[in-house]
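One letter stands for each residue in the lines below.
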Amino acid sequence: LKSADFFAQDLIKRIAKLHPDLHIYGVAEDLDKIAAERTMNPLAKELLAINSVDPDALPDNLHLLASSNRPELIDIAIIRPGRTSKILTYSLPSDKERGNIIELYKAKYDINLNEKISHVISKTKGFTGDEIRQTLWSLKFENKTKPSTDDINRITKEIREKWNVEKEEIDFTYSG
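Given the structure is predicted, the values throughout are model-derived calculations rather than measurements.

Q: What is the right way to look at the nonpolar core in this model?
A: Side chains of nonpolar character tend, in soluble globular proteins, to be buried together. Ranked by internal contacts, the top residues of the largest apolar core, which has 15 residues, are Ile102, Tyr109, Ile111, Leu113, Ile117, Val120 and Leu136. Taken together, the elements giving at least two residues each to this core come down to α6 (95-108), α7 (117-123), α8 (129-141) and α9 (149-163). The contact partners of Tyr109, leaving out residues within four places of it in the chain, are Arg133, Leu136, Trp137 and Lys140. In terms of nonpolar packing, the next biggest core, distinct from the first, is built from six residues, Leu31, Ile74, Ile78 and Ile79 among them.

Below, the structure written as structure tokens:
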């Protein structure tokens, strides 16, 4: 969402009211970047203005979907009950889930990891499903059909450094 997008909100509301059978969805990726502490970001104030006076001001067929990798940065007023109807959270995959993801992509990319599955599971702790896929894709891209432990260590280290984020287990569940 950009500041100009908020200008169109009245038009979108009118269209939704004129066509009640049509469901209109707005999508905001990285909500934390536009809805951080309202004193620091003017767009957060505009987002709060959408329904701060009357929660019934928006038509029922108008929906806003937002995503964030950093929900702790979102202004609490934006995600409080009554303003946000539903919050879905997704955790990072467990050891078992990472193993299932690895099995799926090792078969897809024809990589022999039979004796190294537990090593890949341990090296991908804190990875998202897509980062695990990227790990196996990188091995395939480098033609490492029978990768060594060093290959796995190097690739997982590169993926961690690429995102420049220290991976750790974080519970993003909101309890309001």
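Q: I would appreciate a short explanation of the pattern of salt bridges in the present structure.
A: Pairs can form between side chains of opposite charge whenever their charged atoms are close. Following the criterion strictly, the structure yields nine salt bridges and no others. The residue Arg154 makes a salt bridge to Asp151 at a minimum N-O spacing of 3.8 Å. Here Arg154 and its partner Asp151 are both found in helix α9, three residues apart, which amounts to about one turn of the helix. Its salt-bridge partner being Arg154, residue Glu158 comes within 3.4 Å of it at the nearest N-O pair. In this pair, Glu158 and Arg154 are both assigned in helix α9, four residues apart and thus about one turn of the helix distant. Under the relative-accessibility criterion, Glu158 is labelled partly exposed at 41%. In the salt-bridge network here, residues are joined through shared partners; they are Glu142, Lys144, Asp151, Arg154 and Glu158.

Q: In this structure, what is going on with the packing of α6 against α8? I would like to understand it.
A: The relative placement of two packed helices is expressed as an angle between their axes plus a distance between the axes. Relative to each other, α6 and α8 sit at 40 degrees, their axes nearing to 9 Å. In terms of orientation, α6 lies oblique with respect to α8. For α6 against α8, the interelement crossing comes out right-handed. Taking contact as the criterion, the partners of Arg98, Ile101, Ile102, Tyr105 and Lys106 in α6 are, on α8, Gly129, Ile132, Arg133 and Leu136. Looking at the contact of α6 with α8 residue by residue, the classes come out as five nonpolar, one polar and three charged.

Q: Honestly, a nonpolar patch on the surface in this entry has me stumped. Any pointers?
A: There is a patch of nonpolar side chains on the surface, built from Leu11, Ile15 and Leu22 and spanning about 240 Å² of accessible area. Of note, Leu11 is situated in helix α2 (residues 9-18).

Q: Could you clarify how one ought to interpret the environment of Tyr105 in this entry?
A: With respect to the helices and strands, Tyr105 occurs in helix α6. Tyr105 gets classed as buried once you look at its relative accessible area, which sits at 18%. In the structure, Tyr105 is positioned 30 residues away from Thr135 in sequence and 9.4 Å away in space, judged by C-alpha atoms.

Q: What am I meant to see in the environment of Leu104 here?
A: Topologically, Leu104 is positioned in helix α6. Judged by its relative accessible area of 51%, Leu104 is exposed. Separated by 29 residues in sequence, Leu104 and Arg133 have C-alpha atoms that sit 8.9 Å apart.

Cut-offs used in this document
Residues numbered from 1 in each chain as written. Predicted model: local features only at pLDDT ≥ 70, side-chain atom pairs only at ≥ 80, totals over all residues. Heavy atoms only, no water. Core = buried A, V, L, I, M, F, W, Y, C linked by side-chain atoms within 4.5 Å. Buried < 20%, exposed > 50% of the residue type's maximum accessible area, 1.4 Å probe, protein only. Helix = DSSP H or I, 4+ residues; strand = E, 2+ residues; numbered from the N terminus. Contact = heavy atoms within 4.5 Å. Salt bridge = Lys/Arg side-chain N within 4 Å of Asp/Glu carboxyl O. Axes fitted to C-alpha atoms, helices over the stretch in contact; angles between N-to-C directions. Parallel < 35°, antiparallel > 145°, perpendicular 65-115°, else oblique. Left-handed = near helix turned anticlockwise from the far one by under 90°. Nonpolar A, V, L, I, M, F, W, Y, C, P; charged D, E, K, R; others polar. Patch = residues over 30% accessible without salt bridge, like charges linked within 9 Å, V, L, I, M, F, W, Y side chains within 5 Å. Areas by Shrake-Rupley, 256 points an atom, 1.4 Å probe, with all protein chains shown as cover.

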